[in-house]
Amino acid sequence: HGCYDEMIQLYNSTDNEDFDAIICVGDLVNKGPKSLQVIRHIRTTPNWYSIRGNHDDSVLRGALSCNENHKYKQMTMEFNDDDIVWLAELPYTITIPNLNIVIVHAGFTPNVPMEE
């Protein structure tokens, strides 16, 4: 949610253990003051990944909107093309087959197959 300092503080609290990857579960932007820094850190740091959350969708719509009064247009004025393309290409899920894990932002609907 745009909380870059807290994200780095949380990572540093792990004593920089030797992680294979850091996977963020979406909503990288919006509520905190440093959405752009969060995006750029995850986008440019090796082995950091993310899925897309609903706030990421909203900010992306703002970035692509022709409406200058869109709720998120002002926030995205500092985003460059690489930031916007990266955000647009975020997957909604990440699957780790050997661990039998599917990472999602919010969840799945009960009794509906994942493929749907």
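Here the structure is a predicted model, which means the values were calculated and not measured.

*Asks:* Go over the packing of helix H2 (residues 35–44) against helix H4 (residues 81–88), please, and point to the residues and values.
*Replies:* Between H2 and H4, the least distance of the axes is 11 Å, while the angle of their chain directions is 75°. With respect to H4, the element H2 is oriented roughly perpendicular. Across the interface between the two elements, Leu36, Ile39, Arg40, Ile42 and Arg43 from H2 touch Asp82, Asp83, Trp86 and Leu87 from H4. Residues that form the contact of H2 with H4 fall into these classes: five nonpolar, no polar and four charged.

*Asks:* Help me get a handle on the layout of surface pockets, residues and values and all.
*Replies:* Looking at the largest pocket, its volume works out to about 220 Å³. Residue lining of the largest pocket: 16 residues in total, with Thr93, Val104, Gly107, Phe108 and Thr109 positioned closest to the centre. Looking at the lining of the largest pocket residue by residue, the class counts come to seven nonpolar, six polar and three charged.

*Asks:* Any details on the environment of Asp5? Residues and values, ideally.
*Replies:* Relative to the elements of secondary structure, Asp5 occurs in helix H1 (residues 4–12). Distance from Asp5 to Lys34, taken between C-alpha atoms, is 8.1 Å for residues 29 residues apart in sequence.

*Asks:* Run through the packing of aromatic side chains, naming residues and quoting values.
*Replies:* Inspection of every chain in the model, using the stated rule, returns two aromatic pairs. On the basis of an interplanar angle of 45° and a centroid distance of 6.4 Å, the ring pair of Tyr11 and Phe19 is categorised as tilted. On the basis of relative accessible area, Phe19 is assigned to the partly exposed category, the value being 36%. Three or more aromatic residues joined by ring pairs make a cluster, and in this case those are Tyr11, Phe19 and Trp48.

*Asks:* Report on the side chain of His41, specifying residues and quantitative values.
*Replies:* Relative to the elements of secondary structure, His41 occurs in helix H2. Judged by relative accessible area, which is 17%, His41 ranks as buried. When neighbours within four sequence positions are excluded, His41 is seen to be in contact with Tyr4, Met7, Ile8 and Trp48.

*Asks:* Can you explain the pairing of strand S4 (residues 101–104)? Please cite residues and give values.
*Replies:* In this structure, strand S3 (residues 93–96) lies alongside S4, joined through four bridges in antiparallel fashion. The residue bridging Ile94 from the neighbouring strand is Ile103, located in S4. If you look at the hairpin formed by S3 and S4, you'll find four residues sitting between the two strands, and Asn100 has a positive phi there, around 55°.

*Asks:* Pulling in residues and values, what's your account of a negative patch on the surface?
*Replies:* Among the surface-exposed residues, Asp15, Glu17, Asp18 and Asp20 lie close enough to one another that they form a single negatively charged patch. Within the secondary structure, Asp20 sits in the loop between H1 and strand S1 (22–24). Given the relative accessible area of 73%, Asp20 is considered exposed.

About the thresholds
- Residues numbered from 1 in each chain as written.
- Predicted model: local features only at pLDDT ≥ 70, side-chain atom pairs only at ≥ 80, totals over all residues.
- Heavy atoms only, no water.
- Axes fitted to C-alpha atoms, helices over the stretch in contact; angles between N-to-C directions.
- Helix = DSSP H or I, 4+ residues; strand = E, 2+ residues; numbered from the N terminus.
- Parallel < 35°, antiparallel > 145°, perpendicular 65-115°, else oblique.
- Contact = heavy atoms within 4.5 Å.
- Nonpolar A, V, L, I, M, F, W, Y, C, P; charged D, E, K, R; others polar.
- 1 Å grid on protein atoms, 1.4 Å probe; cavity = no way out; pocket = protein on both sides within 12 Å on 5 of 7 lines; lining within 4 Å.
- Points joined across faces, edges and corners; volume = space filled by probe spheres on them.
- Phe/Tyr/Trp six-rings, centres within 6.5 Å; stacked < 30°, edge-to-face > 60°.
- Buried < 20%, exposed > 50% of the residue type's maximum accessible area, 1.4 Å probe, protein only.
- Pairing = 2+ DSSP bridges.
- Patch = residues over 30% accessible without salt bridge, like charges linked within 9 Å, V, L, I, M, F, W, Y side chains within 5 Å.
- Areas by Shrake-Rupley, 256 points an atom, 1.4 Å probe, with all protein chains shown as cover.
- Salt bridge = Lys/Arg side-chain N within 4 Å of Asp/Glu carboxyl O.
- Lys, Arg positive; Asp, Glu negative; His and termini not counted.
- Charge placed at Lys NZ, Arg CZ, Asp CG, Glu CD.

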